[in-house]
Amino acid sequence: MGRIFLTVSAILSVIVLGILFWGLVSGKEQPPAASGAALVSVQVPALEGDALAGETLFRENCASCHGDNAAGRDGIAPPLVHKIYEPGHHADGAFLLAVSRGVRAHHWPFGDMPPVDGVSQEDVQKVVAYVRALQRANGIN
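Throughout what follows, the structure given in this document is the object of discussion. (Residues numbered from 1 in each chain as written. Predicted model: local features only at pLDDT ≥ 70, side-chain atom pairs only at ≥ 80, totals over all residues. Heavy atoms only, no water.)

## Here we look at helix α5 (residues 121-137)
Let me state the cut-off plainly: Under the DSSP-based scheme used, a helix requires at least four consecutive residues in state H or I and a strand at least two consecutive residues in state E, with every element numbered from the N terminus. Expected helix span is computed as 1.5 Å times (number of residues minus one). Residue contacts are defined here by distance: any two heavy atoms, one from each residue, within 4.5 Å place the two residues in contact.
In this model, α5 (17 residues) spans 24 Å end to end at C-alpha, consistent with the 24 Å of a helix rising 1.5 Å per residue. Contact partners of the buried residues in α5: α2 (49-61) and α4 (92-101). Where α5 ends, the next residue or the one after it, Gly-139, has phi of about 80°, a positive value.

Dropping the structure here:
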């Protein structure tokens, strides 16, 4: 009886090890996302007025972290064209506070956002108009 148990145990061990080995060699690894790659796809509407001025200000002050068209950047900063930033959750004033005071990380694992120097309250309002236009064009109201 003991010999049969050892034989069955040995056979089962070989099968388990074989399955584990097969899983390791046959599994396809997913390549890591490129750091800085856009996190969301953003449709850009025709812009005018403050939203158009905000686009330029965003490129100059925000895009290096939040990506082109506020699509975010992998490993760097979140997309602003995202339901988390809809007006009912993050009102326009939240953007002003973020720019003037910085923000502690609370929704995303990117770390804290430092204050952005040299951007006036009027500039932030134009940037917000741009971000809100992008959000509306992408179904975020």
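## Looking at the layout of surface pockets
To find leftover empty space, a probe the size of one water molecule is rolled over the atoms. Short version of the rule: Cavity and pocket criteria rest on a 1 Å grid covering protein atoms alone: a 1.4 Å probe that fits but cannot get out defines a cavity, protein on both sides within 12 Å along at least 5 of 7 lines defines an open pocket, and an atom within 4 Å of a point defines a lining residue. Grid points are joined across faces, edges and corners, and a volume is the space filled by probe spheres set on the points. Think of it as three bins: nonpolar holds Ala, Val, Leu, Ile, Met, Phe, Trp, Tyr, Cys and Pro, charged holds Asp, Glu, Lys and Arg, and polar takes everything else, Gly as well.
The computed volume of the largest pocket comes to approximately 730 Å³. Forming the boundary of the largest pocket are 36 residues, of which His-66, Leu-80, Ala-98, Val-103 and Met-113 lie nearest the centre. Elements supplying a minimum of two residues to the lining of the largest pocket: α2, α3 (63-66), α4 and α5. Ranked by residues supplied to the lining of the largest pocket, first place goes to α4 with six residues. By residue class, the composition of the lining of the largest pocket is 25 nonpolar, eight polar and three charged.

## Points about the nonpolar core
Note the cut-off: By convention a nonpolar core is built from buried Ala, Val, Leu, Ile, Met, Phe, Trp, Tyr and Cys residues, the set being connected through side-chain atoms within 4.5 Å. Summary of the burial criterion: residues with accessible area below 20% of their type's maximum are buried, those above 50% are exposed, and those between are partly exposed, where the area comes from a 1.4 Å probe applied to protein chains only.
Ranked by size, the top nonpolar core spans 24 residues in total, and within it Phe-58, Leu-80, Phe-95 and Val-131 carry the most contacts. A total of seven residues in this core trace back to one element, the largest contributor, which is α5. The contact partners of Phe-95, leaving out residues within four places of it in the chain, are Leu-80, Tyr-85, His-90, Val-124, Val-128, Val-131 and Arg-132.

## Looking at the side chain of Asp-123
Here is the rule we go by: Under the counting rule used here, the positive set is Lys and Arg, the negative set is Asp and Glu, and His together with the chain ends is not counted. Within this document, salt bridges are pairs made up of a side-chain nitrogen of Lys or Arg and a carboxyl oxygen of Asp or Glu, the two lying within 4 Å of each other.
Along the polypeptide, Asp-123 turns up in helix α5. Buried charge without a partner: Asp-123 forms no salt bridge, and the closest opposite charge is Lys-126, 5.2 Å away. Beyond its immediate stretch of four places on either side in the chain, Asp-123 contacts Leu-57 and Gly-118.

## As for the environment of Pro-79
In this structure, Pro-79 sits in the loop between α3 and α4. Between the C-alpha atoms of Pro-79 and Val-42, which are 37 residues apart in sequence, the distance is 9.5 Å. With residues up to four places along the chain from it excluded, the contact list for Pro-79 reads Leu-39, Val-40, Ala-70, Ala-71, Gly-72, Tyr-85 and Trp-108.

## Topic: unusual backbone geometry
Of note, the phi angle at Asn-69 is positive, near 55°, even though the residue is not glycine. If you trace the backbone, Asn-69 turns up in the loop between α3 and α4. In this model, Ala-70 sits at a positive phi of 60°, which is unusual for a non-glycine residue. Relative to the helices and strands, Ala-70 is located in the loop between α3 and α4.

## Digging into the packing of α4 against α5
In plain terms, the rule: Fitted lines through C-alpha atoms serve as axes, helices being fitted only where they are in contact, and the angles separating the N-to-C directions of these axes extend from 0 to 180 degrees. Oblique is the label for any angle not under 35 degrees, not over 145, and not in the 65 to 115 range, which are roughly parallel, roughly antiparallel and roughly perpendicular in turn. Left-handed describes a crossing whose near helix is turned anticlockwise from the far helix by less than a right angle; the clockwise case is right-handed.
Running from amino to carboxyl end, α4 crosses α5 at an angle of 130°, the nearest separation of the two axes being 10 Å. Put simply, α4 runs oblique to α5. Two packed elements cross with a definite hand, and for α4 against α5 that hand is right-handed. Between α4 and α5, the contacting residues are Asp-92, Phe-95, Leu-96 and Val-99 on the first element and Gln-121, Val-124, Val-128, Val-131 and Arg-132 on the second.

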